[in-house]
Amino acid sequence: MFRRICKNMTCPNEECPCHTDSNPGKVVTHGFYKTRAGKRRRHRCFICGKTFCSTKNTPYFRLQHPKSTFDEVAVLSVEGVNKSSISRVKSLAWNTVHDWLEKAAKSCRKFICNKSKVMDIHQLQADEIRTIAGSKKTPVWLFAAMEVSRQGWYQ
Ligand SMILES: [Zn+2]
């Protein structure tokens, strides 16, 4: 069986030394598995020997529908469509829509926690501006915030 090294992938097993981002490159492809939505890639960690699917630790994990349907539900929610309307439009159970939006929110919180830096904020100045670039139908909102005591940061 041909196995390809996944250079940017880390092991989802929290007890594995390969789990940290500082030690990637120990995961290889390990065949496929079937779902109702099609086949999905399976991976194997060199270090701990555990196998896992490509959607492990993502909101798509154990999803029984195409990823595109999940994404469409998330986009509709962001656009302000309520869960009942999404359920009717996408022919999904209300509980399914609710669970998916909870998964999406949890994933977003995890992303923000991992990517944002903690700052000691004393005085925050924030402002927004709405502008029209191209079409009046698609206004653009710009948001800026600045920590006042660190104004020298721009020098
Ligand atoms: Zn591992």
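Predicted, not measured: the structure shown is a model, and the values here were computed from it.

K.L.:
Any details on the pairing of strand 2 (residues 27–35)? Residues and values, ideally.
P.N.:
Sheet topology note: the strand 1 (residues 5–6)/strand 2 ladder contains 2 bridges and is antiparallel. Opposite Ile5, over in strand 2, you have Val28 as the bridge partner. For strand 2 and strand 3 (residues 38–45), the ladder comprises 7 bridges, and the chain directions are antiparallel. By the bridge assignment for strand 3, Thr29 is matched with His43. In textbook terms, the turn of a hairpin is the stretch between consecutive antiparallel strands, and for strand 2 and strand 3 this stretch comprises 2 residues.

K.L.:
Residue-level account of the environment of Ala104, with values.
P.N.:
Examined against the element boundaries, Ala104 turns out to sit in helix 3 (residues 94–115). Here Ala104 falls in the partly exposed class, since 17 other C-beta atoms lie within 10 Å of it. Placed 34 residues apart in sequence, Ala104 and Phe70 show a C-alpha to C-alpha distance of 8.9 Å.

K.L.:
Could you give an account of the environment of Lys106, with specific residues and numbers?
P.N.:
Counting through the fold element by element, Lys106 comes out in helix 3. Residue classification places Lys106 among the exposed residues on the basis of 11 C-beta atoms within 10 Å. For the pair Lys106 and Val27, spaced 79 residues apart in sequence, the C-alpha to C-alpha distance is 25 Å.

Definitions and cut-offs
- Residues numbered from 1 in each chain as written.
- Predicted model: local features only at pLDDT ≥ 70, side-chain atom pairs only at ≥ 80, totals over all residues.
- Pairing = 2+ DSSP bridges.
- Helix = DSSP H or I, 4+ residues; strand = E, 2+ residues; numbered from the N terminus.
- Buried ≥ 20, exposed ≤ 12 C-beta atoms within 10 Å, placed from the backbone.

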